[in-house]
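Residue-level listing of the chains:
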Amino acid sequence: MANDTTIATSSPIGQHLEKVAEGAPVSYLMFNQKRISLVAKMTIGRSPECSIVIDNKLASRFHATIQKIRDAYFLKDEKSTNGTFLNGHRIPADKYVKLNPGDKITVGATTLVMS
């Protein structure tokens, strides 16, 4: 008779890790009805050098950055003129803010959705 006991079922730490593993990780952005896979670091702005180019005069040349830190993604405003908004709230310049599935990032008149 096989023993089906594992660390996930026998210890509180294993049970916690099992619950953490169940959470759906953020893996892409929706932008202009396109799915953009997230990478370790992405820049957002008007400049053609950015990972995500926003064709909007309200966007700064280098407006914001999305950075992966450990297993999560964070948004940072790069001292943009008009600010970066997360779920309708302006984020502080030069501060990393954690992103979650469903979050809406607004740069100028453009909205990107974390999925």
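Below, the structure is looked at part by part. (Residues numbered from 1 in each chain as written. Predicted model: local features only at pLDDT ≥ 70, side-chain atom pairs only at ≥ 80, totals over all residues. Heavy atoms only, no water.)

What the chain contains, in helices and strands, is two helices and 11 strands. Its helices and strands in sequence order give the chain the pattern α-α-β-β-β-β-β-β-β-β-β-β-β, from N to C terminus. Out of the 115 residues in the chain, the part that is buried amounts to 35%. In the chain, the share of contacts with a sequence separation of at least 24, taken over all contacts with a separation of at least 6, comes to 30%. Of the roughly 7,600 Å² of accessible surface on the chain, 52% is carried by carbon and sulfur atoms. (Helix = DSSP H or I, 4+ residues; strand = E, 2+ residues; numbered from the N terminus. Buried < 20%, exposed > 50% of the residue type's maximum accessible area, 1.4 Å probe, protein only. Contact = heavy atoms within 4.5 Å. Areas by Shrake-Rupley, 256 points an atom, 1.4 Å probe, with all protein chains shown as cover.)

This paragraph deals with the pattern of salt bridges. For the structure shown, the criterion picks out one salt bridge. Taking the shortest distance from any N to any O, the salt bridge between Lys-76 and Glu-78 comes out at 3.8 Å. (Salt bridge = Lys/Arg side-chain N within 4 Å of Asp/Glu carboxyl O.)

Here we come to the sheet that holds strand 8 (residues 89-90). The sheet built from six strands is open, its strands ordered 2-1-11-10-7-8 with antiparallel pairing. Either end of the sheet is taken by a strand with one partner, and the two such strands are strand 2 (34-37) and strand 8. As judged from the two bridges shared by strand 7 (residues 84-86) and strand 8, these two strands associate in the antiparallel manner. Pairing of Leu-86 across the sheet is with His-89, part of strand 8. (Pairing = 2+ DSSP bridges.)

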